[in-house]
Structures are given as C-alpha cells and as structure tokens.
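Here are the chains, one letter per residue:
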Amino acid sequence: MPFLRRAVGALAVALGLATSPVQAETGEVRFTRQPGLIYMPMVLAEQQRLVEKHVAAAGLGDVKVSWVTLTSGGASVDALISGNVDFVTSGATNLLLAWDRTRGEVKGLAASAGAPMLLVTRNPAVKTLADFSAKDRIAVPTVKVSAQAVMLQIAAERQLGEAGRNKLDPITVQLGHPDAVGALLGGTSEVNSHFSLPPYQQIELKDPKIHVVLNSYDVVGGLLSNAIVFGRGKFMDQNPKTTAAVLAAIDEANALIRDDPKRAAELYLGATKEKFTPDELVAMMKQPGVVFSTTPYGTMLQADHLAKAGVLKTRPKAWTDFFYKAVHGQPGT
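Because the structure is a prediction, the values reported are computed rather than measured.

Participant: Just to check I follow, could you spell out the nonpolar core for this structure?
Facilitator: One broad trend across soluble globular proteins is that nonpolar side chains are buried collectively. Met40, Leu129 and Met285 are the most contacted members of the largest nonpolar core, which totals 93 residues. Counting contributing residues per domain, this core is built from domain 1 (28-115 + 224-327) and domain 2 (118-220), each supplying no fewer than three. Judged by nonpolar contacts, the second largest core, of five residues, contains Ala139, Val173, Ala180 and Val191.

Participant: Would you explain the side chain of threonine 89 in this entry?
Facilitator: Within the element layout of this structure, threonine 89 appears in strand E3 (residues 87-90). For threonine 89, a relative accessible area of 0% puts it in the buried group. Sequence-distant contacts of threonine 89, that is, excluding residues within four places in its chain, are made with Thr32, Arg33, Gln34, Tyr39, Met42, Ser112, Ala227, Ile228 and Val229.

Participant: Is there a simple way to explain the domain arrangement of the protein in this structure?
Facilitator: Domain annotation of the protein identifies domain 1 (28-115 + 224-327) and domain 2 (118-220). Taken together, the contact pairs 25 residues of domain 1 with 25 residues of domain 2. Across the interface of domain 1 and domain 2, roughly 2100 Å² is buried in total on both sides, 68% from carbon and sulfur atoms. Joining domain 1 to domain 2, the criterion identifies one salt bridge. Across the pair lysine 308 and glutamate 157 runs a salt bridge, and its minimum N-O distance is 2.9 Å. Inspection of the domain 1/domain 2 interface yields five residue pairs in polar contact (both at pLDDT 80 or more). Going through the elements one at a time, helix H4 (73-81), helix H5 (92-101), helix H13 (278-285) and helix H14 (299-308) are the ones with two or more residues in the side of domain 1 that touches domain 2.

Participant: How do you make sense of the packing of aromatic side chains when you look at a structure like this?
Facilitator: All chains considered together, the criterion is met by six aromatic pairs. Where phenylalanine 31 meets tryptophan 67, the ring centres are 4.4 Å apart and the plane angle is 15°; that geometry is what we call stacked. Taken together, the residues phenylalanine 31 in strand E1 (residues 28-33) and tryptophan 67 in strand E2 (residues 64-69) connect sequence positions 36 residues apart. Comparing phenylalanine 31 with tryptophan 67, the two get one shared label, buried. A ring pair is formed by phenylalanine 322 and phenylalanine 323, whose centres lie 5.5 Å apart and whose planes are at 45°; its orientation type is tilted. Taking relative accessible area as the criterion, phenylalanine 323 reaches 0% and is therefore assigned buried. Members of the aromatic cluster, joined through ring pairs, are Phe31, Trp67, Phe87 and Phe235.

Participant: Looking at this model, I keep getting lost on unusual backbone geometry. Mind explaining?
Facilitator: In terms of backbone geometry, most residues other than glycine have negative phi values and most peptide bonds are trans. With an omega of 5°, the peptide bond running from proline 198 to proline 199 counts as cis. Among the structural elements, proline 199 can be located in the loop between strand E8 (193-196) and helix H8 (200-205). At arginine 103, a position not held by glycine, the phi torsion is positive, near 55°. Judged by relative accessible area, which is 83%, arginine 103 ranks as exposed. Of note, lysine 144 is a non-glycine position whose phi angle comes to about 70°, a positive value. Inspection of the secondary structure puts lysine 144 in the loop between strand E6 (138-140) and helix H6 (147-160).

Participant: When you look at the side chain of glutamate 204 in this model, what are you seeing that I'm missing?
Facilitator: Among the secondary structure elements, glutamate 204 is positioned in helix H8. Despite its burial, glutamate 204 pairs with no opposite charge; the closest candidate is arginine 122, at 9.0 Å N-O. Engagement of the side chain of glutamate 204 in a polar contact is seen with the side chain of histidine 194, the distance being 2.4 Å.

Participant: Help me out: how do you make sense of helix H7 (residues 177-186) in this one?
Facilitator: For an α-helix the count is 3.6 residues per turn, leaving residues at separations of three or four pointing the same way. For H7, the full list of buried residues reads His177, Ala180, Val181, Ala183 and Leu184. Along the axis of H7, the buried positions cluster into a sector of 165°, meaning they face one direction only. Turned more than 90 degrees away from the buried face of H7 sit Asp179 and Gly186, all of them exposed. Residues of H7 that are buried sit in contact with strand E5 (118-121), E6, H6, E8 and H8. Residue glycine 187 follows H7 closely and has a positive phi angle near 80°.

Participant: When you look at the sheet that holds E6 in this model, what are you seeing that I'm missing?
Facilitator: Sheet strands associate in pairs through backbone hydrogen bonding, adopting either a parallel or an antiparallel arrangement. As summarised here, the arrangement of the five strands in space is E7-E6-E8-E5-E9, forming an open sheet in which the pairing is mixed. The outermost strands of the open sheet, each flanked by one partner alone, are strand E7 (172-174) and strand E9 (211-215). The sheet shows a mean angle of 30° between the axes of neighbouring strands, direction not considered. Sheet topology places E6 next to E8; two bridges connect them, and they run parallel. Among the inter-strand pairings, alanine 139 is bridged to a residue of E8, identified as histidine 194. Those strands touched by H6 are E5, E6, E7, E8 and E9, and its axis lies near 110° from that of E8.

Rules behind the numbers
- Residues numbered from 1 in each chain as written.
- Predicted model: local features only at pLDDT ≥ 70, side-chain atom pairs only at ≥ 80, totals over all residues.
- Heavy atoms only, no water.
- Core = buried A, V, L, I, M, F, W, Y, C linked by side-chain atoms within 4.5 Å.
- Buried < 20%, exposed > 50% of the residue type's maximum accessible area, 1.4 Å probe, protein only.
- Domains from an automatic or database assignment.
- Helix = DSSP H or I, 4+ residues; strand = E, 2+ residues; numbered from the N terminus.
- Contact = heavy atoms within 4.5 Å.
- Buried area = accessible area lost by both parts, 1.4 Å probe.
- Salt bridge = Lys/Arg side-chain N within 4 Å of Asp/Glu carboxyl O.
- Polar contact = N/O pair within 3.5 Å; in protein donor to acceptor, adjacent residues only side chain to side chain.
- Phe/Tyr/Trp six-rings, centres within 6.5 Å; stacked < 30°, edge-to-face > 60°.
- Lys, Arg positive; Asp, Glu negative; His and termini not counted.
- Arc of directions from axis to C-beta.
- Pairing = 2+ DSSP bridges.
- Axes fitted to C-alpha atoms, helices over the stretch in contact; angles between N-to-C directions.

Okay, structure coming up:
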C-alpha cells in the first residue's frame, strides 16, 4: 500500500507543521523612551508587559523586551542609527532628520501621544517672542532640531517675519526637561526660560514668577503628536509580526488611558515616581490638545519647515512618506 503510506506520511507532516509553534522573528526588541506625560503609553507598555503579551499572542515565542530612558531625542536617534536599539520614542523632528539622513531607511511606526508645549519664562519683561534678548536663555531638549526648537522657529517666523526665523536660536541651550525645571525654578541659572511639555510646564507654572509666552497649540492650530515611535524600515520589514505586536501594545496602552485614566495615572506614577497625585495627572491628561493616539498629527508642518530651512535634503510629499505602511490608513497630518 505505497500510496496509503505516502498519504499518511504527508498528513503527519502537515499536522506537524500545523501544531508546531511559530518561530520568533527576532530574539529581542529594544526601546528607548523619554521622561514626560506624552510617553505614558510607552511607560504603560513596559510596566504591563504589553509588547510581551502581543508577541506571545502572535505565537512568536520567547522574545526579550528591553527599555532604556534617554532625555535627549538626539541621543535616541544616535542609539537607533548605531544599531543599539530597535525603536525610539521622540519628536517628529528627530524622526524626519533620521529619515532624511538614512534616505528613508528610518520610518515612523506610529504616534504615541501629543500635548501642547508651553514656552515659559521667569523674565517679567518677556511677553512675546520679540521681547527676548541676548541676556535670556531658553532650554530645549536639543538645539535647532528638537520639536521645541523647530516650533520656536516657526512661531518666530510668523511673528517676526522670515528674517526672524532663527533669531532665537543663539539663546537656546540644550538641557533635558528635568534638569531645565531645576534650573528655571532655582533662579540662579542663566536658564530663565523653558520650552517643554506636561508635566514639567505644570511644575514650573506653580511658581507665580513663571508665566507663559507661547503655546504650540496656537502655532499648529490643532493637535500635535510630539511623541513618535520610529525604527529602521529593514527591522520592521524583516519582523512584521513583531512590529504589529508593538503597534498593538501601543494601542492597548492608549485604550487603558482612555477607558481608565485614573488607573493609567497610578501605574505611570508608580513607575516614574513623579511628585503628583493621580488626580492631578488625570487633570493634565484631560487638558485640551492632549491626545493619546497612534495617528500622527502635525508632522507635515514640521517637515515643510525643515525642508524650507534647508535642514532636510528631501522634502516629503506627504506624512506617509516617512511612516511605515501599517498606519497609512489613519487620518494623519
């Protein structure tokens, strides 16, 4: 019965293939994130092991997931380009610079979150951007190319004319948000102004000597995704199921923030040890302009500015040019 033996053998092979576990695409996924409220989805993904959960659900086996916190988008991009991490979470400007520098090899996977950025100062004479002088110092995460620095250039051009686009660049200094808060509130540092995001701006504004000069929401005219998850296109292409698991983890974290903000706030504070109550953090999460979504908002405004300023060698035609195909169906801007 040679035919029957061959048929039984073929069936056994087929059943073996059907019941064997799917092999992992990669043995490890490495992330960076930065401190701040807009990185809450990534904090929750780490604390709740959401990437591991969705990797396991995809049948990809035992995959190690590691996280490192960096306070500079530039340092995050350097870690990605050098191959030390697989995904970073930073501003859209850092994504655009990396996309341009690698000729499209680095691409955004998804937005993580966004919130209005406030430029604050302790200089009582400064009411508008035109009032800043050479005696002032504005702290930003990375000079010239961070989301804050670029938004400052866009606002300066609108208020002071094209010739004023880079007028404030010489008085910006690179300083991580936690250090900038200490410098601003200490009152003895040359840094007397800070362009940041929640929760740092809320900490600063508790001091009656600090006031707001600029709100990024007014510059953009709507939502702005200032936390973007991006990585190397080659990694995402070679590990599509792992990449989908990462995206699903961000979606689940955002769903937790939306459906149970108090619980999300408690988990976030438990991880970061920031000096807020859960109710205070929930109030920040519900402020106008704060969004937790994988849809990228306001990225083309920054891309157009960087291209016009000559920082980008290649001007993208649409936001989908520098984002991975997984989010192309979303209503990004």
